[in-house]
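Summary of the model geometry
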Amino acid sequence: MNRNQHTLQTWAIREDISRDPAVQKFIQWMRSVRHGSEQTCINYTRDIGQFAAWFFKESESAPYDWTRPMRSDAKRFVLDYAKTGAKPTSTARKLASMRSFYRFLIMDDGLSASPFSGLRPPYKAKVLPILLSESEVLRLLNAPLESLVREAPEEPLKRYGLLRDAAIFETLYSTGMRISELVALKNKNVSLSQGVCVVLGKGNKERRCLLGKPAQEAIQNMQREALLLWPSTNGAEKPLFLNYIGEGLTTRSVERFMKHWLAVAGLPDTLSPHKLRHSFATHLLAHGADLRAVQELLGHASPATTQIYTHLTVGRLVDSYHKAHPRG
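Residue positions within a chain follow its written sequence, with the count starting from 1. This being a predicted model, a pLDDT of at least 70 is required before a residue's local features are given, and a value of 80 or more before pairs of side-chain atoms are given or counted; all residues contribute to the totals for chains, interfaces and linings. Think of the side-chain values as coming from all heavy atoms in the structure, minus any hydrogens and water.

Examining the overall build of the protein chain
The number of helices and strands found in the protein chain is 12 helices and three strands. Sorting the 328 residues of the protein chain into buried and exposed places 43% on the buried side. Counting contacts in the protein chain only where the partners sit at least 6 residues apart, residues at least 24 apart contribute 63% of the total. Accessible surface is estimated by sampling points in the Shrake-Rupley manner with a 1.4 Å probe; for residues, cover comes only from the protein chains shown. Of the roughly 18,000 Å² of accessible surface on the protein chain, a fraction of 54% belongs to carbon and sulfur atoms. Secondary structure follows DSSP: runs of H or I at least 4 residues long count as helices, runs of E at least 2 residues long count as strands, and numbering of each begins at the N terminus. Throughout, exposure labels follow a simple rule: accessible area from a 1.4 Å probe, protein chains only, divided by the maximum for the residue type, with under 20% read as buried, over 50% as exposed, and the rest as partly exposed. Two residues form a contact once any of their heavy atoms are found within 4.5 Å.

Okay, here's the thing in C-alpha cells:
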C-alpha cells in the first residue's frame with residue numbers, strides 16, 4: 001500500500017514498537033520523571049508505532065534507527081495523517097508525541113536534532129464545549145432521588161445504587177473534577193465536616209475541591225447505606241464510590257450510569273460526565289466567579305485553558321441582550 005493511500009481506519013501500528021529500546025526508555029522516563037498516566041503512555045506508544053509503520057520498510061523491525069527520518073519525512077507524515085480525515089486534534093497529538101519522543105532522544109541519546117522541531121500542527125478551530133443549562137443539571141441531579149422516592153425499593157443494593165448515583169452527580173457538579181479523579185477518590189480524601197476533598201489530577205498534582213451542602217448530604221446518605229451492606233468499607237483506603245460488590249467503580253461504569261439517568265431526565269444520552277465539568281465552570285463564571293479561582297478548582301495549568309468558558313458566558317450574554325433589548 002502506498003503511504004498516501006492510508007485511511008484513518010487502516011493506518012498501521014508497528015506491533016514491535018514496545019520492544020524498541022529507545023521507546024522503552026522514553027516510556028519509562030514518562031512514567032517515572034514526568035508522572036504520565038498509563039493512558040498517556042499508551043497514546044505515546046501508539047503514535048510512535050504509527051510513525052514507525054509509516055516510515056520504516058516492512059522488512060525492518062525493532063530496534064529502529066531514529067536518526068534516519070529527515071525533516072521532509074516529518075512534514076510528510078503529519079500531512080499524510082491529516083489527509084486520512086483525522087480530526088485536527090488527533091493530528092496535533094501525533095505531532096506532539098513525536099516532538100516529545102525526539103526531545104527525549106536529544107536529551108538521553110545525544111541526537112543532534114529533531115526532524116519534528118518547529119513543525120506546526122494543522123489549523124485547529126476552537127470548539128466550544130457542549131454543556132447543560134442550570135435547569136438541565138438540576139433535572140439530572142434530581143433523577144436518582146426522584147426514582148428513590150417513587151419506587152421506594154426495599155432491596156438495600158437498589159437503594160444504595162440510587163443514593164450512589166445521586167452522590168456521583170452532586171460531586172461532579174459541585175467540584176468540577178474529572179471522572180477519572182472521581183473514581184480514584186478514597187474515603188481519606190474527603191472531609192465532609194470541612195466540605196472539601198483532595199484529588200490527584202494530571203501530572204500527579206494534588207488540588208482541593210469544594211463540596212457544597214447538597215454534595216455533602218448526598219455522600220453522607222450514600223455512606224450510611226454502604227455501611228449496612230459492607231461494614232468494612234469505611235476504611236480510609238477504601239474507595240468512596242462502590243459497585244454492587246463493594247469494590248471501586250470504573251470510568252466506564254459512571255458513563256453508563258449517566259446515560260441511564262440522562263434518559264430518565266429526558267436529556268440527550270450523548271452527553272458525558274465531562275459535560276458536568278464544563279457546566280460547573282461556565283455556571284460559576286456566569287455568576288461572577290473569578291477566572292483564576294475557577295482555574296484552580298479545575299486544576300488547569302494555564303488560565304488560557306479556562307478562558308474558553310468565558311467565551312461561553314459572553315456568548316449567552318450577547319444572546320440574551322439581542323433577545324431582550326428593544327434595539328438589540
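Regarding the sheet that holds strand 1 (residues 190-191)
A pair of strands is considered paired only if DSSP assigns at least 2 bridges between the two. Within the open sheet, the three strands sit side by side as 1-2-3. Their pairing is antiparallel. Of all the strands in the sheet, the pair left with one neighbour each is strand 1 and strand 3 (206-210). With five bridges joining them, strand 2 (residues 196-200) and strand 3 adopt antiparallel strand pairing. In the sheet register, Leu 200 faces strand 3, and the bridge partner there is Glu 206.

Observations regarding the packing of aromatic side chains
Pairing of aromatic side chains requires ring centres within 6.5 Å, counting the rings of Phe and Tyr and the six-membered ring of Trp. Pairs whose planes differ by under 30 degrees are stacked, by over 60 edge-to-face, and all others tilted. Inspection of every chain in the model, using the stated rule, returns 19 aromatic pairs. Taking 5.4 Å as the distance between ring centres and 75° as the angle between the ring planes, the aromatic pair formed by Phe 51 and Phe 116 counts as edge-to-face. Taken together, the residues Phe 51 in helix 2 (residues 38-55) and Phe 116 in the loop between helix 4 (88-109) and helix 5 (134-151) connect sequence positions 65 residues apart. When the ring of Phe 56 is compared with that of Tyr 64, the centres are 4.7 Å apart and the planes differ by 25°; the resulting orientation is stacked. In terms of burial, Phe 56 and Tyr 64 fall into one category: buried. In this arrangement the basic side chain of Arg 164 is found over the ring face of Tyr 244, its NZ or CZ atom lying 5.2 Å from the centre. A positively charged side chain is recorded as over a ring if its NZ (Lys) or CZ (Arg) lies within 6 Å of the ring centre. The angle to the ring normal must also be within 35 degrees.

Remarks on helix 3 (residues 71-82)
With 12 residues, helix 3 should cover 16 Å at 1.5 Å per step; its first-to-last C-alpha distance of 17 Å lies within 8% of that length. Inspection of helix 3 places Asp 73, Ala 74, Phe 77, Val 78, Asp 80 and Tyr 81 among the buried residues, and these make up the whole buried set. The buried residues of helix 3 occupy an angular sector of 165° when projected down its axis, which confines them to one face. The inward-facing, buried residues of helix 3 contact helix 2 and helix 4. Multiplying 1.5 Å by the residue count of a helix minus one yields the expected span of that helix. Note that the arc is defined by the directions from the helix axis to the C-beta atoms.

With respect to helix 10 (residues 274-286)
Under the 1.5 Å per step criterion, the end-to-end length of helix 10 is 19 Å for 13 residues, consistent within 8% with the ideal 18 Å. Of the residues making up helix 10, those classed as buried are Lys 275, Leu 276, Arg 277, His 278, Ser 279, Phe 280, Ala 281, Thr 282, His 283 and Leu 285. At the exit of helix 10 stands Gly 288, carrying a positive phi of roughly 95°.

Topic: the pairing of strand 3
Judged by which residues are buried, strand 3 turns out to be one-sided: Arg 207 and Cys 209 face inward and are buried, whereas Glu 206, Arg 208 and Leu 210, on the alternate face, are not. Two successive antiparallel strands, strand 2 and strand 3, enclose a turn made up of five residues, where Gly 203 displays a positive phi of approximately 70°.

Some thoughts on the environment of Leu 284
Its place among the elements puts Leu 284 in helix 10. Taking the C-alpha atoms as reference points, Leu 284 and Val 294, 10 residues apart in sequence, are found 7.5 Å from one another. With sequence-adjacent residues up to four places away left out, Leu 284 is seen in contact with Ala 289, Val 294 and Leu 297.

Observations regarding the pairing of strand 2
Pairing geometry for strand 1 and strand 2, over two bridges, is antiparallel. Its bridge partner lying in strand 2, Ser 191 is registered against Val 196. Counted between consecutive antiparallel strands, the loop separating strand 1 from strand 2 contains four residues, among which Gly 195 sits at a positive phi close to 70°.

Observations concerning unusual backbone geometry
Residue Pro 63 follows Ala 62 across a cis peptide bond; omega there is 5°. In this structure, His 35 takes a positive phi of about 55° despite not being glycine. Its place among the elements puts His 35 in the loop between helix 1 (21-32) and helix 2. If you check the backbone angles, Ala 152 has positive phi at about 45° while not being a glycine. With respect to the helices, strands and loops of the structure, Ala 152 is situated in the loop between helix 5 and helix 6 (156-175). Accessibility expressed as a relative area gives 52% for Ala 152, which makes it exposed.

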